[in-house]
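A structural walkthrough
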Amino acid sequence: MVNVIVELSKYIIIILMAVYTFSCFSVFAKVYEEDKKWILIRQNILMFLIQFTAYLVMYLQTEEKKLVLFYLAQVILLIAILVLYRVLYPKVSRLIVNNMCMLLSIGFIMITRLTYQKAVKQFIFAVIGTAIGLAVPVLIRKLRFLKDWGYIYAGVGILALGAVAVLGQLSDGAKLGFTIAGFGVQPSEFVKILFVFYVAASLNKSTTFKNVVITTAIAAAHVLILVLSTDLGAALIMFVVYLVMLYVATRNPFYAIAGVGGGSVAAVVGYHLFSHIKVRVSAWQDPFASYSEGGYQVAQSLFAIGTGSWFGMGLYQGLPDSIPVAEEDFIFSAISEELGLIFALCLILVCVSCYVMFLNIAMAIRNQFYKLIALGLGTCYIFQVFLTIGGVTKFIPSTGVTLPLVSYGGSSMLSTMIMFGIIQGLYILREDEEEIIEKRRERELRRNEPPRRAPRKKQPPRQQPKKKPAFEEVPQQRIR
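The text that follows walks through the structure, step by step, so that each part is easy to find. Sequence order as written defines the numbering, with residues in each chain counted from 1. In keeping with the predicted nature of the model, local features appear solely for residues at pLDDT of at least 70, side-chain atom pairs appear and are counted solely at 80 or more, and the whole-chain, interface and lining totals rest on all residues. Hydrogen atoms and water are omitted, and side-chain values are computed over all heavy atoms in the structure.

**Some thoughts on the overall build of the protein**
- A run of H or I in DSSP becomes a helix once it reaches four residues, and a run of E becomes a strand once it reaches two; helices and strands are each numbered from the N terminus. Within the protein, the secondary structure is distributed over 16 helices and 3 strands.
- The C-alpha atoms of the protein give 31 Å as radius of gyration, which overshoots the globular expectation for 480 residues (23 Å, by more than 25%).
- Its C-alpha atoms put the protein at 150 × 70 × 40 Å along the principal axes.
- Between buried and exposed lies partly exposed: a residue is buried under 20% and exposed over 50% of the maximum accessible area for its type, with that area taken using a 1.4 Å probe on protein chains only. Looking at the protein as a whole, 48% of its 480 residues qualify as buried.
- Looking at the protein alone, contacts between residues at least 24 apart form 73% of all its contacts between residues at least 6 apart.
- Carbon together with sulfur atoms contributes 64% to the accessible area of the protein, which is approximately 25,000 Å² in total.
- Under the convention used here, Asp and Glu are negative, Lys and Arg are positive, and both His and the chain ends fall outside the count. Charge coordinates come from a single atom per side chain, which is NZ of Lys, CZ of Arg, CG of Asp or CD of Glu. Mean positive and mean negative side-chain charge positions of the protein (45 and 29 charges, respectively) differ by 17 Å. We take the radius of gyration over the C-alpha atoms and set the globule estimate at 2.2 Å times the residue count to the 0.38 power. We call two residues in contact whenever any of their non-hydrogen atoms come within 4.5 Å of each other. In short, Shrake-Rupley with a 1.4 Å probe defines the accessible areas, and a residue's cover is counted only from the protein chains shown.

Here it is in structure tokens:
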């Protein structure tokens, strides 16, 4: 009986996920708020059904009662996120909130399947991230001086990355961060946000050639420190984010061409200087030829994706544990093996729908500083998704970055929740701008309207004097 439920569950989960993904894009076609509201409510129902089905299967497979308690704790957290965002910020983008909860839910499911202890830690970070994320929109809305702190963002970011380069612990050939009280802290995850704020503040101030050179030099310092720490994923993300923001702010294609050329040269130089990069490139070129020298992880990832095929093996029916650090860098492979490629493709589309919302905010908001922040954070998010999935599918060399909100990682979780909180704050600012513009239009219409004459009061009709008859009737006397 259990085997039948497990077999049916994977098809149920795929169908529910496909309907959820379709609604992520169909909501853009709706004009009336009432129609959008029912689609968003349907998304919440689908998300909880997917989570219930997955944890039911895991409980039947393991018969561990702690999974039931852990599942209930997750339900409470997700309901709290949905309700608190709705109550505290009525103007919030509910699609972004729904997608954030869905990605969290998928991450909890897969990390619980792989390592229960890490799933509990991930849950703790999600609770902390939720508390911080709920406070961020208020700060974005109230603090009007954020655009004046450009050099502060740059200074803090360079100092944090420099501390990691000097004092950080070496992990798999790269210095990524520190370990504090048993929890790993990766400062580059937070510096990415500071980096976006610095570039936005600097380019909002001026786009003259002199200021562009200064901004490029400081941005290059961030990237260079990360390269020296061999944190190639974060270095590549910052480099691409800067190029996109620079091009959009200046509209000068020369800067983009020069940046791509300089980045290509730097990549070739880095390949010859760092043996760590050579290992990853050789594993990308032919992971089976270098199976025992760095290609094992990529090879196991490809095996897992191929084994899962379109519909997956089902939870606890595959071997995702054979992939090294599957819950961190290669969680997409584990998802593909047990939940199937259809589910994995839907996951990618959910991430794309988040990016579409980021771009909508960037295009709609009028303030240049906030526009650049939305664009920078959106580029940072979607490019990190591309690096993660591209690495595990052998499309590009593996860079060791996490899949936001899905992979295990406390720093990644907190930074992504902050990023989503900033985006929600920008969405609220955009709604505020729309209200101000609408009020101005109403005032202009009132000014241009011709003055109306006061309606005259209706006077009572005059009473015409009664005309006397020409001959008065003389009453006849009675003859006696």
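Additional details are given in the paragraphs that follow.
**Here we look at unusual backbone geometry**
- Here T230, not a glycine, exhibits a phi torsion of approximately 55°, which is positive.
- Judged by its relative accessible area of 11%, T230 falls in the buried class.
- The phi dihedral of R251 is positive, around 60°, even though this residue is not glycine.
- Position of R251 relative to the elements: it lies in the loop between helix 9 (232-250) and helix 10 (253-273).

**Section: a nonpolar patch on the surface**
- There is a patch of nonpolar side chains on the surface, built from I79, V83, L84, V87 and L88 and spanning about 420 Å² of accessible area.
- Along the polypeptide, I79 turns up in helix 3 (residues 66-88). Two joining distances apply to patches: 9 Å for like charges and 5 Å for nonpolar side chains (Val, Leu, Ile, Met, Phe, Trp, Tyr), and every residue must have over 30% relative accessible area and no salt bridge. Salt bridges are defined as contacts in which a side-chain nitrogen from Lys or Arg sits within 4 Å of a carboxyl oxygen from Asp or Glu.

**Considerations on the packing of aromatic side chains**
- Any pair of Phe, Tyr and Trp rings, taking the six-membered ring for Trp, is counted once the centres come within 6.5 Å. Such a pair is stacked with planes under 30 degrees apart, edge-to-face with planes over 60 apart, and tilted for the rest. Applying the stated criterion across every chain yields a total of 20 aromatic pairs.
- Centroid distance Y55 to Y71: 5.6 Å. Interplanar angle 40°. Geometry classified as tilted. In this pair, Y55 sits in helix 2 (residues 33-62) while Y71 sits in helix 3, placing the two residues 16 residues apart along the sequence.
- The exposure class of Y71 is buried, given its relative accessible area of 15%.
- Three or more aromatic residues link up through ring pairs in this structure, and these residues are F70, F108, Y116 and F123.
- A positively charged side chain is recorded as over a ring if its NZ (Lys) or CZ (Arg) lies within 6 Å of the ring centre. The angle to the ring normal must also be within 35 degrees. Sitting over the face of the ring of Y316, R113 holds its NZ or CZ atom 4.4 Å from the ring centroid.

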